[in-house]
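# Breakdown of the fold
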Amino acid sequence: MKFLTKLIGSSCVVPLAVLGVSAYERRLISADHYHIASSDLPIEFEGMKIVFLSDLHNATFGKENRGLIQVIDEEHPDFILVGGDMIIGKSNHTTDIAFPLLKRLSKKYQIICANGNHEFRMKIYKGIYGTQYDDYVTKLREQGIIYLENQTAVLRRGGARISISGLEIERKYYQRGKKTPMDVSYLNQTLGEKTPGDFRILLAHNPLYFPEYAKWGADLVLSGHNHGGLIRIPHFGGMVSPQTTFFPEYDAGHYEMGNSQMIISRGLGTHTFHIRVRNYPELSVIKLYKRNKK
């Protein structure tokens, strides 16, 4: 009987401890810094600093997200890229947290946004969400924010240019339990072929397809989606992806494949499973450098 009592007690203590740690960590922000060097980067963009936001999921850091804005301001970015899932695509949620945040930031910074699976869900299921998605995007564009739906924007400095493409993939590429094959021709049809020698940043919410993005020719892929794997275990990484894959290959951090590099943000918020352990909300800070050709 004593053994049973101890067992029941232990089974309660561990989940409570996890929830306690998670509740604490979810209130904090880690500004993680990455240096990206590429021979295709025009010298005019040497030292450019990007702040990358992903997976806010209606989270708040202080009143009106002032805590998050303060961390961004301290980094003094040249511009902000947004990788999707700033909202929660469920019928009882709104855009009333994401929009005011991006509106305030747009007064100080140039912002370029792309969709995640939650925005895409809101976009295609108008019977559930009505005009909520269209209203959200229209209001952002009215603030001067560039919103990419399988489109490409060009940034120019002193006659040089870099391209930023926002990839919006179909729901079949987010299926749980398996990876739906994606051919590079799909990316060519969706975004167009990459111009040789052009430095292109790809906002691609789902990192599962990094090999396909690299084959397409992305120099830098910015992804999110996996929330760092919820619980991070030293030497093993994140435990689970939204596709219910345990210890996913691409969970968080910096990856390289040939001439392509990918940064996966652990994201800022949560949804459904509100768990973060050893997995602080991430503000990704990326600095670009010119690398000499070998």
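What you are looking at is a predicted structure, and each value in this text was computed from that prediction instead of being measured.

Further remarks concern the pairing of strand S6 (residues 151-157). The pairing of S6 with strand S7 (residues 160-167) spans seven bridges and is classified as antiparallel. Bridging across to S7, Thr-152 finds its partner in Ser-165. Between S6 and S7, which pair antiparallel one after the other, the connecting turn spans two residues, and Gly-158 there sits at a positive phi close to 55°.

Grouped together as the largest cluster of nonpolar side chains are 32 residues, with contacts concentrated most on Leu-53, Ile-72, Ile-80, Met-86, Leu-105 and Tyr-136. No other element matches helix H3 (residues 98-106), which puts five residues into this core. Grouped together as the second largest cluster of nonpolar side chains are 25 residues, Ile-36, Met-48, Ile-162 and Phe-199 included.

Turning next to a nonpolar patch on the surface. A cluster of nonpolar side chains, Ile-233, Phe-236, Phe-246 and Phe-247, forms an exposed patch at the surface whose accessible area comes to about 440 Å². Relative to the helices and strands, Phe-247 is located in the loop between strand S11 (237-238) and strand S12 (253-257). Take Phe-247: its relative accessible area is 40%, and that puts it in the partly exposed class.

So, about the packing of helix H2 (residues 66-75) against H3. Two elements in contact, H2 and H3, have axes separated by 11 Å at closest approach and are oriented at 30°. The orientation of H2 relative to H3 falls into the category roughly parallel. H2 and H3 meet at a crossing whose hand is right-handed. Listed contacts from H3 to Leu-68, Ile-69 and Ile-72 of H2 are Leu-101, Arg-104 and Leu-105. Here the residues of the contact of H2 with H3 are counted per class, giving five nonpolar, no polar and one charged.

A separate point is the packing of aromatic side chains. This model, assessed by the stated rule, comprises seven aromatic pairs. A centroid spacing of 5.1 Å and a plane angle of 50° characterise the contact between Tyr-173 and Tyr-186, whose relative ring orientation is tilted. Separated by 13 residues along the polypeptide, Tyr-173 in the loop between S7 and helix H7 (184-191) and Tyr-186 in helix H7 bring together distant segments of the chain. Using a relative accessible area of 4% as the deciding quantity, one classes Tyr-173 as buried. Taken together, Tyr-133, Tyr-136 and Tyr-147 form an aromatic cluster joined through their ring pairs.

Glancing now at the pairing of strand S8 (residues 200-204). Regular strands have side chains that alternate between both faces of the sheet. The buried count for S8 comes to five of five residues, which makes it a mostly enclosed element. In this sheet, S8 lies alongside S7 in parallel orientation, the contact comprising five bridges. Opposite Gly-166, over in S8, you have Leu-203 as the bridge partner. At this point the chain moves from S7, through H7, to the parallel S8, and the crossover so formed is right-handed. Pairing of S8 with strand S9 (residues 220-223) involves three bridges; the strand directions are parallel. Its bridge partner lying in S9, Ile-201 is registered against Leu-220. For the crossover that starts at S8, traverses helix H8 (residues 210-216) and ends in the parallel S9, the hand is right-handed.

What counts and how
Residues numbered from 1 in each chain as written. Predicted model: local features only at pLDDT ≥ 70, side-chain atom pairs only at ≥ 80, totals over all residues. Heavy atoms only, no water. Pairing = 2+ DSSP bridges. Helix = DSSP H or I, 4+ residues; strand = E, 2+ residues; numbered from the N terminus. Core = buried A, V, L, I, M, F, W, Y, C linked by side-chain atoms within 4.5 Å. Buried < 20%, exposed > 50% of the residue type's maximum accessible area, 1.4 Å probe, protein only. Patch = residues over 30% accessible without salt bridge, like charges linked within 9 Å, V, L, I, M, F, W, Y side chains within 5 Å. Areas by Shrake-Rupley, 256 points an atom, 1.4 Å probe, with all protein chains shown as cover. Salt bridge = Lys/Arg side-chain N within 4 Å of Asp/Glu carboxyl O. Axes fitted to C-alpha atoms, helices over the stretch in contact; angles between N-to-C directions. Parallel < 35°, antiparallel > 145°, perpendicular 65-115°, else oblique. Left-handed = near helix turned anticlockwise from the far one by under 90°. Contact = heavy atoms within 4.5 Å. Nonpolar A, V, L, I, M, F, W, Y, C, P; charged D, E, K, R; others polar. Phe/Tyr/Trp six-rings, centres within 6.5 Å; stacked < 30°, edge-to-face > 60°. Right-handed = clockwise from strand over helix to strand, strands pointing away.

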